Amino acid sequence: AMPTYKLTYFNLPGLAEKVRLAFRIGGIEFEDERIEFADWPELKPKTKYGQVPFLTIDGKDQVGQSSAMLRYVGRLANLYPDDAATALEIDEVIGLDEDLMRAVMPSGIITRTPQALGHAPDLPEEDRKAIQAKMRAALAADELPRFFGFLEAKLAKSGTGYFVGNKP
């Protein structure tokens, strides 16, 4: 029997989206469990590493780390190569995605959990939004153009419309 897969993450794209896409592109059925932020404190201690996303396989084996999940699903769907040199090129793009997410995440976190970024947990909403606006302006001016430049150059070098190879 085919294993069952349940991907658990917040009801937003974030770190789980690349895994969701790999499941869908690969035609692999999975349960897309979307949790609310209000439910996270209760769920967090029940997770393997105290974080989401996580993938539950056959209702028992909980796997963390979104890039590990992506590679796993990529292999299941024949989207990830056996050739080490080609896999290295793909891993380079995955690494750029991870770096980009690390740059963007704080601007999303500030409005929900300002204490995670060194601010008071009772920071007023208007202050949270003002800090977020400054963070996003800095992202738009520097980090986003830099990362998108890297990705655009990789796509241009490939010339196929894909970062690596000529298929998803």
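Scope of this entry: the structure provided in the associated data block. Predicted model, so just to flag it, every value in this text is computed and none were measured.

Definitions and limits used
- Residues numbered from 1 in each chain as written.
- Predicted model: local features only at pLDDT ≥ 70, side-chain atom pairs only at ≥ 80, totals over all residues.
- Heavy atoms only, no water.
- Buried < 20%, exposed > 50% of the residue type's maximum accessible area, 1.4 Å probe, protein only.
- Helix = DSSP H or I, 4+ residues; strand = E, 2+ residues; numbered from the N terminus.
- Pairing = 2+ DSSP bridges.
- Core = buried A, V, L, I, M, F, W, Y, C linked by side-chain atoms within 4.5 Å.
- Axes fitted to C-alpha atoms, helices over the stretch in contact; angles between N-to-C directions.
- Polar contact = N/O pair within 3.5 Å; in protein donor to acceptor, adjacent residues only side chain to side chain.
- 1 Å grid on protein atoms, 1.4 Å probe; cavity = no way out; pocket = protein on both sides within 12 Å on 5 of 7 lines; lining within 4 Å.
- Points joined across faces, edges and corners; volume = space filled by probe spheres on them.
- Nonpolar A, V, L, I, M, F, W, Y, C, P; charged D, E, K, R; others polar.
- Arc of directions from axis to C-beta.
- Contact = heavy atoms within 4.5 Å.

As for the pairing of strand E3 (residues 54–57)
(1) Moving on: Side chains Phe54 and Thr56 project from E3 onto one buried face, and the interleaved Leu55 and Ile57 project onto a second face that is buried too.
(2) Moving on: Where E3 meets strand E4 (residues 61–63), three bridges bridge the pair, whose relative direction is antiparallel. Within E4, the position partnered with Thr56 by the bridge is Gln62.
(3) Moving on: Between E3 and E4, which pair antiparallel one after the other, the connecting turn spans three residues, and Asp58 there sits at a positive phi close to 55°.

A closer look at the nonpolar core
(1) Moving on: The biggest cluster of nonpolar side chains holds 25 residues, and the ones touching the most others in it are Tyr5, Leu7, Val19, Phe23, Val52 and Leu55.
(2) Moving on: Secondary structure elements with two or more residues in this core: strand E1 (5–10), helix H1 (17–26), E3, helix H3 (66–76) and helix H4 (84–112).
(3) Moving on: Sorting elements by how many residues they give to this core places E1 first, with four residues.
(4) Moving on: Core analysis: the second largest hydrophobic core is formed by five residues, Val93, Leu96, Leu100 and Leu151 among them.

Observations concerning the sheet that holds strand E2 (residues 31–35)
(1) Moving on: Overall, mixed pairing links the four strands, which are arranged E2-E1-E3-E4 in an open sheet. Looking along the sheet, the strands with just one partner apiece sit at the ends: E2 and E4. This sheet shows a mean twist of 20° between the axes of neighbouring strands, independent of strand direction.
(2) Moving on: In the sheet, E1 pairs with E2 via five bridges, with the strands oriented parallel.

A closer look at the side chain of Arg20
(1) Moving on: Structurally, Arg20 is set in helix H1.
(2) Moving on: Residue class for Arg20 comes out buried when judged on its relative accessible area of 0%.
(3) Moving on: At 3.4 Å, the side chain of Arg20 forms a polar contact with the backbone oxygen of Phe10.
(4) Moving on: Reaching out from Arg20, the side chain makes a polar contact with the backbone oxygen of Pro13 at a distance of 3.4 Å.

A word on empty space enclosed by the protein
(1) Moving on: The full count for this structure, using the stated rule, is one cavity of 30 Å³ or more.
(2) Moving on: A volume near 30 Å³ is recorded for the largest cavity.
(3) Moving on: Lining the largest cavity, in full, are Thr47, Lys48, Tyr49, Gln51, Phe54, Gln62, Val63 and Gly64.
(4) Moving on: Counted by class, the lining of the largest cavity contains three nonpolar, four polar and one charged residues.

A look at unusual backbone geometry
(1) Moving on: Residue Pro53 is reached from Val52 by a cis peptide bond, and omega for that bond is 5°.
(2) Moving on: Tracing the backbone shows Pro53 in the loop between helix H2 (40–43) and E3.
(3) Moving on: At Gln65, a position not held by glycine, the phi torsion is positive, near 75°.
(4) Moving on: As for its placement among the helices and strands, Gln65 is situated in the loop between E4 and H3.
(5) Moving on: For Gln65, a relative accessible area of 43% gives the class partly exposed.
(6) Moving on: A positive phi angle, close to 55°, is found at Asn78, a residue other than glycine.
(7) Moving on: As for its position among the elements, Asn78 is in the loop between H3 and H4.
(8) Moving on: By relative accessible area, which is 61% here, Asn78 ends up exposed.

Points about H3
(1) Moving on: Of all the positions in H3, only Ser66, Ser67, Met69, Leu70, Val73 and Gly74 are classed as buried. All buried residues of H3 lie within an arc of 155° about the axis, which places them on one face of the element.
(2) Moving on: In this structure, the buried side of H3 is in contact with E1, H1, E3, E4 and H4.
(3) Moving on: A positive backbone phi angle near 55° is found at Asn78, which sits one or two residues after H3.

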